[in-house]
Amino acid sequence: MTTGTWARRHLLSMAELTRADIEEILDVTDTMVEVSTRSIPKVAALRGRTVVSLFYEDSTRTRLSFDTAAKRLSADTMSFAVSSSSVNKGESVRDTIETIEAMGIDAVVVRHRSAGVPAQIASWTDAVVVNAGDGWHQHPTQALLDSYTIRRHRGSLDGMHIGIVGDVKHSRVARSDIEAFTALGAMVTIVAPPTLLPPTLRPWDVTVSHDLDDVIATLDVCYLLRMQRERMTEALVPSMREYTACFGLTPERADRLPADALIMHPGPMNRGVEIAGEVVDRPGVVVTEQVANGVAVRMAVLFLLLGPGRAALPDGGEIA
Amino acid sequence: MTDDIVIKGASVLDATGERRADVVVSGGRVAAVGPDLYAPTVLDASGCLLVPGLVDLHTHLREPGREEAETVATGARAAALGGYTAVLAMPNTTPAMDSAAVVREVLELGRSSVCDVHAAGAITVGRAGEQLAPMAEMAALGVRLFTDDGSGVQDDRLMRRAFEYAAGLDVTLAQHCEVAALSEGTCMHEGEWSARLGLAGQPAEAEELMVMRDIALARLTGARAHFLHLSTAGSVAMVSAAKSAGLPVTAEAAPHHFTLTDACCAGYDARFKVHPPLRSAADVDAVAAGLADGTIDAIATDHAPHPVEDKELPFDLAPPGMLGLEYALALALTRLVDGSRADIDPQEPERGGVDGAAGSYVGPRMTDAEVIARLSWRPAAIAGMRDHGGPIVTGSAANLCVIDPLQRWRIDDGGGASRSRNVPYAGMSVRGKVRHTICRGEAVVVDGEAQR
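It should be emphasised that the depicted structure is a prediction, and the values quoted were computed from it without experimental measurement. (Residues numbered from 1 in each chain as written. Chains lettered and ligands numbered in written order. Predicted model: local features only at pLDDT ≥ 70, side-chain atom pairs only at ≥ 80, totals over all residues. Heavy atoms only, no water.)

So, on to the overall build of chain B. Looking only at helices and strands, one finds 14 helices and 21 strands in chain B. Taken along its principal axes, the extent of the C-alpha atoms in chain B is 60 × 55 × 45 Å. With 452 residues in all, chain B has 62% of them scored as buried. Taking all contacts inside chain B whose residues are at least 6 apart in sequence as the whole, residues at least 24 apart take part in 75%. About 15,200 Å² of surface is accessible on chain B, with carbon and sulfur atoms providing 51% of the total. Across chain B, the centroid of the 39 positively charged side chains sits 3 Å from that of the 60 negatively charged ones. (Helix = DSSP H or I, 4+ residues; strand = E, 2+ residues; numbered from the N terminus. Buried < 20%, exposed > 50% of the residue type's maximum accessible area, 1.4 Å probe, protein only. Contact = heavy atoms within 4.5 Å. Areas by Shrake-Rupley, 256 points an atom, 1.4 Å probe, with all protein chains shown as cover. Lys, Arg positive; Asp, Glu negative; His and termini not counted. Charge placed at Lys NZ, Arg CZ, Asp CG, Glu CD.)

One key point about sheets: their strands pair by backbone hydrogen bonds, in either a parallel or an antiparallel sense. Residues and elements named next belong to chain A. The parallel open sheet is built from five strands, whose spatial order is β7-β6-β5-β8-β9. The sheet is open, and its two edges are formed by β7 (207-209) and β9 (262-264), each paired on a single side. Averaged over all pairs of adjacent strands, the angle between their axes in this sheet comes to 20°, without regard to strand direction. Where strand β6 (residues 187-191) and β7 come together, three bridges link them in parallel fashion. By the bridge assignment, Ile190 is partnered in β7 with Val208. Along the sheet, helix α6 (residues 172-183) contacts β5 (161-165), β6 and β8 (221-224); its crossing angle with β5, the most-contacted strand, is approximately 170°. (Pairing = 2+ DSSP bridges. Axes fitted to C-alpha atoms, helices over the stretch in contact; angles between N-to-C directions.)

Residue and element names in this part refer to chain B. Its 18 residues place the ends of helix α7 (residues 204-221) 26 Å apart at the C-alpha level, agreeing with the 26 Å of an ideal helix rising 1.5 Å per residue. Along α7, the residues that are buried comprise Ala204, Ala206, Glu207, Glu208, Met210, Val211, Arg213, Asp214, Ile215, Leu217, Ala218 and Thr221. Looking one or two residues past α7, Gly222 carries a phi angle of roughly 75°, positive in sign. (Expected span 1.5 Å × (residues − 1).)

Okay, empty space enclosed by the protein next. All names here are of chain A. Overall, the coordinates contain one cavity of 30 Å³ or more when judged by the stated rule. Reported here for the largest cavity is a volume of approximately 40 Å³. Val51, Val52, Ser53, Phe66, Asp67, Ala70, Thr77 and Met78 together form the lining of the largest cavity. If you list the elements that add at least two residues to the lining of the largest cavity, you get β1 (50-55), α2 (60-72) and β2 (76-81). Classifying every residue of the lining of the largest cavity gives five nonpolar, two polar and one charged. (1 Å grid on protein atoms, 1.4 Å probe; cavity = no way out; pocket = protein on both sides within 12 Å on 5 of 7 lines; lining within 4 Å. Points joined across faces, edges and corners; volume = space filled by probe spheres on them. Nonpolar A, V, L, I, M, F, W, Y, C, P; charged D, E, K, R; others polar.)

What follows is about the interface of chain A and chain B. Counting from both sides, the interface comprises 19 residues of chain A and, opposite them, 17 residues of chain B. At the boundary of chain A with chain B, total buried surface from both sides reaches about 1,500 Å², with 59% on carbon and sulfur atoms. The interface formed by chain A and chain B includes two salt bridges. Ionic pairing is found between Arg94 of chain A and Glu312 of chain B, a salt bridge with its closest N-O pair at 2.5 Å. One can count six residue pairs in polar contact (both at pLDDT 80 or more) joining chain A with chain B. By residue class, the composition of the side of chain A that touches chain B is nine nonpolar, six polar and four charged. (Buried area = accessible area lost by both parts, 1.4 Å probe. Salt bridge = Lys/Arg side-chain N within 4 Å of Asp/Glu carboxyl O. Polar contact = N/O pair within 3.5 Å; in protein donor to acceptor, adjacent residues only side chain to side chain.)

With that out of the way, let us pick up a nonpolar patch on the surface. All names here are of chain B. Together, Leu182, Leu209 and Met212 give the surface a local cluster of nonpolar side chains, amounting to about 260 Å² of exposed area. Examined against the element boundaries, Met212 turns out to sit in helix α7. Given a relative accessible area of 47%, Met212 falls into the partly exposed group. (Patch = residues over 30% accessible without salt bridge, like charges linked within 9 Å, V, L, I, M, F, W, Y side chains within 5 Å.)

Residues and elements named next belong to chain B. Along strand β2 (residues 11-14), one buried face is formed by Ser11 and Leu13 and the opposite face, lined by Val12 and Asp14, is buried too. Here two bridges tie β2 to strand β7 (residues 49-52), and the two strands are oriented parallel to one another. Bridge pairing in β7 links Val12 to Leu50. As paired strands, β2 and strand β3 (residues 17-20) are joined by four bridges and run antiparallel to one another. Its bridge partner lying in β3, Ser11 is registered against Arg20. Hairpin connection, β2 to β3: the antiparallel pair is bridged by two residues.

Residue and element names in this part refer to chain B. All told, the structure shown has four aromatic pairs over all chains when counted by the stated rule. Between Tyr327 and Tyr425 the ring centres are 6.0 Å apart and the planes differ by 55°, which places this aromatic pair in the tilted class. On the criterion of sequence distance, the pair formed by Tyr327 in the loop between α11 (308-311) and α12 (328-337) and Tyr425 in the loop between β18 (400-410) and β19 (429-439) is long-range, its members being 98 residues apart. Classification of Tyr327 by relative accessible area gives buried; the value is 5%. (Phe/Tyr/Trp six-rings, centres within 6.5 Å; stacked < 30°, edge-to-face > 60°.)

Residue and element names in this part refer to chain B. Overall, parallel pairing links the five strands, which are arranged β11-β12-β15-β16-β17 in an open sheet. Each end of this open sheet is capped by a strand with a single partner; those strands are β11 (145-146) and β17 (298-299). Note: strand β12 (residues 172-175) against strand β15 (residues 225-227), three bridges, orientation parallel. Across the sheet, residue Gln175 finds its bridge partner in β15, namely Phe227. Helix-sheet contacts for α7 involve β12, β15 and β16 (249-253), and the interaxial angle to β15 is about 165°. Packed on one face of the sheet, helix α8 (residues 233-244) meets β15 and β16 and runs near 150° to β16.

Let us look at the domain arrangement of chain A. All names here are of chain A. Segmentation of chain A into domains returns domain 1 (14-138 + 293-309) and domain 2 (140-290). Spacing between the C-alpha centres of domain 1 and domain 2 amounts to 26 Å. With 29 residues of domain 1 at the contact, the number on the domain 2 side is 28 residues. Of the charged contacts in the structure, one is a salt bridge between Asp30 and Arg152, with a shortest N-O distance of 3.9 Å. At the boundary of domain 1 and domain 2, one finds 16 residue pairs in polar contact (both at pLDDT 80 or more). (Domains from an automatic or database assignment.)

Since there are 3.6 residues in each turn of an α-helix, residues three or four apart along the chain are aligned in direction. Under the 1.5 Å per step criterion, the end-to-end length of helix α12 (residues 287-306) of chain A is 28 Å for 20 residues, consistent within 8% with the ideal 28 Å. Along α12 of chain A, the sharpest change in direction is near 25° and occurs at Asn293 of chain A. (Bend = angle between axes of the 7 residues up to and from the residue.)

Okay, the pattern of salt bridges next. All names here are of chain A. In the structure shown here, the tally under the stated rule is 44 salt bridges over all chains. Residue Asp220 pairs with Arg154 through a salt bridge whose shortest N-O separation is 3.4 Å. Pair noted here: Asp220 is in the loop between α7 (212-215) and β8 and Arg154 is in helix α5 (residues 140-154), with a separation of 66 residues, a long-range link. Residue class for Asp220 comes out buried when judged on its relative accessible area of 16%. One connected set of salt bridges, linked through shared partners, spans Asp27, Asp30, Arg151 and Arg152.

Printed below as a string of structure tokens:
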């Protein structure tokens, strides 16, 4: 087995992981998927460890997914939600993290609407920091669960042609996925109008298309991003109707995908905008699998950051 | 009254040239310049340059309104330690310096401080960009330069009127060039780093469009225009062309814009957040070249103190600005004269500091004397400060600075005499240290220590 260069202090960005690091996480995820299928889907790996979720932005799904992952590893969990916290009283993030840390915690899972907050927190705490989404920047566990889902279906991402369609400019999912998919050997094409692209794509090894019809027939994976209605008021797209006409996965376009292509979405979906309601029920759509794999991937991340380490796994990766 | 002072052994450098001489200061004036002079108080300046006190065209003293960040007294002390004998206080205080009353208050606070404090008045009431501020009543108090710094005057028609009105008062308008429609909601330079970091960026064009407009309005009205903190290659090129066309324009650049690039923002440390934002390496080199060829007349600090807790906010929410008064001279000598990366200490390369400091500068270099010109007599002329900027001759006002140009030192993160500590240069090794500062005839800094 190869090991990468990931320092395993925190998980802040996909950019800090090599291919070997990512593959290690995905290998451990296989073990966690097995755990999740047991009659009692729970192991003792993180008993006595405390994982806090610190969510400054609403995200019931991601918070529940991390919470479930921590509990299946027998960690104690605490949840710090903005509405019920002192944040509304003007407490700084730094004071909050120092207060929580004083209670004795091992890891903090952070979601914030501002890019970089997990990195700032990592500079202020001894606890492990896991980025659960920061602004437009990164959402690394989403990229890991997406990579895992593709790997489960296709064996490997090597040589896969993955189209990421939609609002890449404002998407932490896209930034993370691009880095994960290309690190794992996939070819990535970004499909979007220029107004929904970052100012430059120079940091990434991707190609760009402004025409979904041009690339759809060559895709192994069609990854649709959520389109937010406020983008229209920012003059980034003329109307939702025009967006759907040009970049939505309509039944006609879905028909042109290769038969074994996967259709993915980070959720929640806007049916009728980026994906037609009728397409959602087609066989290639793996959106609920993504959610299920999300728990296993997050178990793997917490296990690698907090647990005894991969070396502690017996041959075959069984854990009890 | 303080004792007479003699500054011994320095090389005296001003706009007229450089010569070896002792200088005696008495009663707030230069009393004698020549060989082997005597006075009761001796300041050793052997191996040093004695220059007219530095003049900062761009200082945020925060008083009134944000005294937890800085006061006139603490800002003036930082200025004196940085070799400055005069600063121009920016009007974005609370309330704004948009009336004689507030200007008078700031000038009054400056009178007892260790540095001359001049005031820049606001162009518009409350710096809101809607109605002209009473420039004449502020000009009557000695205000020579007006700006809405912190933001630019967005309305073209209002800015035209402001130029016309200013021409009648023989005052200068200074613009913070930033088109709000292109910069709203942004927190750094738009480019590769903003793309990577997922932060909203503003393009260089947000600055350049307003530089272009103000050049056009200066041509239309014949009024003087001064450009604050130029940060892009395009801005430098336009100002150069405007000067070639004979328009009455001047410009300044801040130390961070010739020292640091947008790559500094990689760690989301808001000490690197500033307006205009840190730009690309090509822009940084263009600013340095613009200073070298004289397109940019002055180095101005844009000293902008902010409390630690504000700079620990998320990057997009933190206030922009960084300290500069105690670092500008050394950064200029290190980068513009030596052309070196400001963050590498040849003695201790492994401890060198700031990721994103601009690389070695290969463009046109300056001499120490040219750097001093852009820190002292050029800005003094732009601001109409007759008692500053030399020349150092018998009878001139005793606003002086003694610099050890060879001393290397490491910038720490303490913030010096400022009440704030938002220093983006911590860990950098630089050349050139202020040894003594004499303001209004008083030795306010001796051997690098503030005297009060």
